[in-house]
Amino acid sequence: MTLESAAPPPFLPRARAARRAYGLDEIALVPGAATVDPEDVDLSWQVGPLRFALPFLAAAMDSVTDVRTAVLLGRLGAAGVLNLEGVQTRYADPAAALEAIAAAPPDEVVARLRAIYQPPVREELVCARVAAIKAGGVPCIVSVTPARAAHLAPLAQQAGADAVLVQSTVSSDRHRSRRGEVTSLRALVERLEVPVMIGNCATAEGAADLLEAGAAAVFVGVGPGAACTSRRVLGVGVPQATAIAEAASARDAYFRRTGRYVPIVADGGIGVGGEVAKAIACGADAVMLGSALARAVEAPGRGYHWGMATPHPALPRGTRVRVGTAGTVEQILLGPALVDDGSQNLAGALRLAMGLCGAADLRAMHQVEIILAPALATEGKRLQFTQGVGQGR
C-alpha cells in the first residue's frame, strides 16, 4: 500500500509538487470480517538462516544493548544488536562511561558524550563481546557504520557473529565522495558469509537500491526515533507509515522479480503495541526498538537513552532523553503488563491486533486494510486526557 494522495497539491509559492506522507499516529487498522485466536497467531520471522520467534530487535545503541541484554533478548525469542563502535568496544569495563553519561547535566551531555566516545575501537574487545554473546547460546547480531564496515564486519564474522547490520542515517550503494574510496555495500555483501542487513532508508527507491546490493534485510526510518534530532537539525526525513509502506512496495516488486523475499525492519518511532501492529501492517516484518527497551530494568542506559549520532564531532544529530525505568525486558516484550499505556507486553498486543484483523502471520498482516484516521487516538478519550491516564499520558 502506498500512503499518499493521488494528486499532490502544488507546493507554494513555487511550481513544485509536495506529496502527502503519513506517520503511524495518523493511520488505523480496520478489523477483519473474520478473526483469528491470538494464541494461533505466528509472530516468527527470518533473516537468512536465522529464525526468530518474536519480531523485535533491540536497537544498536549503548543505552539499549550490551552483552547482557543481547543474551536475555535472544533467550526470549527476540534479538539485540550490539553497536561495535560504541562504549562496549572502546572500554574493557564500560560501566564508568555509562555512569558518566547518565550523570551529565543537560547542558554538558554533548560534550561529555564526545569525550567518552574519543577512545578508539579495540579489536580485541570486538572479538570478546561477540564471543560473550555467543557463549550465552543466542545468535549474535552486530552493527557497524559504512565507514568502518570493511574492517569491522569481517572481524566480527571471524569472531562468530551470525549477522551484520550496516547502518547509518541514510545508507546507499550509490554514495559519492571526492574524499577517497567509498565502501561498496554490494562488495561487502559478497565478501561476507553471514547475512548483511542494511539501513536506513525512507523511500521505495532507497529500499530498491539496498535490495539490489544484496541486503538480507532493509531497515527503514530516518529521524523518527525518540533520541534522534536529524529531522530538526537536517530537515530530512519521511513519516514512518509512508516510509515503511514505500520500502515494502519496493521489496514486493523485488520479490516478484527475483523470488528472494527480504524482510523490512521498521526502525524508530515505535514504542507501544499499537505502533508495532501498524508498522507490521504497513509492510514491516519486524521492528527495532530503542527507547521502549531503554526503559527496561536491565538496560545499560541507567534510565537514559541517547542516539548514535549524538557524539558526532562536528554536527550532533541526537540527544540524551530521560526514559526512566519501567519493567523488565520480559515484561516489555511478553508481559504481564503492569501499566495501561501500551508500552508493555508488546507481543501480546501484536497478537491480539493481528487476531482482530484476521491475520494468522506477519505476511498476512501486510494485507489488512489501513485507513487514514488522525483522530483515532483522541476520539472519545477526553477523560483519559484530563486525568492523564491510558492514552492521555
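Being a predicted model, the structure only gives us computed values, none of them experimental.

Quick notes on the rules
Going along each chain's sequence as written, the residues are numbered from 1 onward. At least 70 in pLDDT is required for a residue's local features to be given in this predicted model, at least 80 for side-chain atom pairs to be given and counted, and no such filter applies to totals for whole chains, interfaces and linings, which use all residues. Values reported for side chains reflect all heavy atoms of the structure, with hydrogen atoms and water molecules removed beforehand. Exposure above 30% relative accessible area and the absence of a salt bridge qualify a residue for a patch, where like charges join within 9 Å and nonpolar side chains (Val, Leu, Ile, Met, Phe, Trp, Tyr) within 5 Å. Surface accessibility follows the Shrake-Rupley procedure with a 1.4 Å probe radius. Residue values consider only the protein chains on display as shielding. Salt-bridge detection follows one rule: a side-chain nitrogen of Lys or Arg within 4 Å of a carboxyl oxygen of Asp or Glu. Numbered from the N terminus, helices here are DSSP runs of H or I no shorter than four residues, and strands are runs of E no shorter than two. Note on classification: 1.4 Å probe, protein chains only; a residue is buried when its accessible area is under 20% of the maximum for its type, exposed when over 50%, partly exposed between these limits. A pair of strands is labelled paired if DSSP reports no fewer than 2 bridges between them. The path from the first strand over the helix to the second decides the hand: if it runs clockwise while the strands point away from the viewer, the crossover is right-handed. Any two residues whose heavy atoms approach within 4.5 Å at even a single point are treated as in contact. Planes of paired rings set the category: under 30 degrees apart is stacked, over 60 is edge-to-face and the rest tilted, where pairs are Phe, Tyr or Trp rings (Trp by its six-membered ring) whose centres lie within 6.5 Å. We call a charge positioned over a ring when the NZ of a Lys or the CZ of an Arg lies within 6 Å of the ring centre and within 35 degrees of the ring normal. In plain terms, two cysteine sulfur atoms within 2.5 Å form what is called a disulfide here. For helices, the fitted line uses only the C-alpha atoms of the stretch in contact; every axis is such a line through C-alpha atoms, and the angle between N-to-C directions lies from 0 to 180 degrees. The labels follow the angle: roughly parallel below 35 degrees, roughly antiparallel above 145, roughly perpendicular from 65 to 115, and oblique for the rest. For any helix crossing, the convention is left-handed if the near helix is rotated counterclockwise from the far helix by under a right angle, and right-handed if that rotation is clockwise. For this classification, Asp, Glu, Lys and Arg are treated as charged, while Ala, Val, Leu, Ile, Met, Phe, Trp, Tyr, Cys and Pro are nonpolar and the rest, including Gly, are polar.

> Which residues make up a nonpolar patch on the surface, and what values do they have?
A cluster of nonpolar side chains, namely Val-233, Leu-234, Val-236 and Leu-315, defines an oily patch on the protein surface of about 290 Å² accessible area. The topology assignment puts Leu-315 in the loop between strand E14 (304-306) and strand E15 (320-322). Leu-315 sits in the partly exposed class, given a relative accessible area of 39%.

> How would you summarise the pairing of strand E9 (residues 163-167) if you had to cite specific residues and measurements?
Burial runs high along E9: five of the five residues are buried. Covered by surrounding structure in E9 are Ala-163, Leu-165 and Gln-167 together with Val-164 and Val-166, the residues of both alternating faces. Pairing of strand E8 (residues 141-144) with E9 involves four bridges; the strand directions are parallel. Bridging across to E9, Ser-143 finds its partner in Leu-165. For the handedness criterion, the β-α-β arrangement of E8, helix H5 (residues 146-159) and E9 is classed as right-handed.

> For unusual backbone geometry, give the residues involved together with the corresponding values.
The step from Gly-199 to Asn-200 runs through a cis peptide bond, and the omega angle for that step is 5 degrees. Relative to the helices and strands, Asn-200 resides in strand E10 (residues 196-201). Here the residue pair Gly-335 and Pro-336 is connected by a cis peptide bond, since its omega of 0 degrees sits within 30 degrees of zero. By the secondary structure assignment, Pro-336 is in the loop between helix H12 (329-334) and helix H13 (346-357). Phi is positive for Arg-302, which is not a glycine, with a value near 55 degrees. In this structure, Asn-345 takes a positive phi of about 55 degrees despite not being glycine. Judged by its relative accessible area of 22%, Asn-345 is partly exposed.

> Before we move on, could you go through the environment of Val-220 and cite the residues and values that matter?
Tracing the chain through its elements places Val-220 in strand E11 (residues 218-220). For Val-220 and Ala-207, which are 13 residues apart along the polypeptide, the C-alpha to C-alpha distance reads 8.1 Å. If sequence neighbours within four positions are ignored, Val-220 has contacts with Asn-200, Cys-201, Ala-202, Gln-240, Ala-243, Ile-244, Ala-247, Ile-264, Val-265, Ala-266 and Asp-267.

> Before we move on, can you summarise helix H7 (residues 204-212) with the specific residues and values?
Along an α-helix, residues three or four positions apart point the same way, because every turn accommodates 3.6 residues. Buried within H7 are the following residues: Gly-206, Ala-207, Asp-209, Leu-210 and Leu-211. Where H7 is buried, its residues meet helix H6 (185-191), E10, E11 and helix H9 (240-258). Trailing H7 by a residue or two, Gly-214 shows a phi angle of about 100 degrees, which is positive.

> Break down the packing of aromatic side chains for me, citing the residues and quoting the values.
Two descriptors summarise a pair of aromatic rings, namely the distance from one centre to the other and the angle between the planes of the rings. The tally for this structure, following the rule as stated, stands at two aromatic pairs. Centroid distance Phe-255 to Tyr-261: 5.6 Å. Interplanar angle 85 degrees. Geometry classified as edge-to-face. Tyr-261 gets classed as partly exposed once you look at its relative accessible area, which sits at 24%. The ring of Phe-255 has Arg-363 sitting right over it, with the charged end atom 5.4 Å from the ring centre. Geometry around Tyr-261 places Arg-363 over its ring, the cationic atom sitting 3.8 Å from the centre.

> Outline the state of the cysteines, supporting the account with residue identities and numerical values.
Defined simply, a disulfide is a covalent bond joining two cysteines at their sulfur atoms. With the rule as written, the count across this model stands at zero disulfides. Cysteine Cys-201 remains unbridged, with the sulfur of Cys-282 as its closest cysteine sulfur at 14 Å. Accessibility expressed as a relative area gives 3% for Cys-201, which makes it buried. Cysteine Cys-282 is unpaired, with the sulfur of Cys-357 as its nearest cysteine sulfur at 12 Å.

> I'd like a rundown of the pattern of salt bridges, residues and numbers included.
Under the defined criterion, the tally for this structure stands at eleven salt bridges. The partner of Glu-212 in a salt bridge is Arg-257, with the nearest N and O atoms 2.1 Å apart. Placement of Glu-212 in helix H7 and of Arg-257 in helix H9 is noted, with a sequence separation of 45 residues between them. For Asp-285, the salt bridge is made with Arg-251, and the minimal N-O distance between the two is 2.8 Å. One end of the pair, Asp-285, is in the loop between helix H10 (273-281) and strand E13 (286-289); the other, Arg-251, is in helix H9, with 34 residues separating them in the sequence.

> Give me the packing of helix H1 (residues 67-76) against helix H4 (residues 123-135): which residues, what numbers.
One way to put it is that H1 packs onto H4 with a least axis distance of 9 Å and a crossing angle of 30 degrees. Comparing the axis directions of H1 and H4 gives the class roughly parallel. Read as a crossing pair, H1 and H4 show a hand that is right-handed. In contact with Val-67, Ala-70 and Val-71 of H1, H4 contributes Arg-129, Ala-132 and Ile-133. Looking at the contact of H1 with H4 residue by residue, the classes come out as five nonpolar, no polar and one charged.

Just geometry here; none of it tells us what the structure is for.
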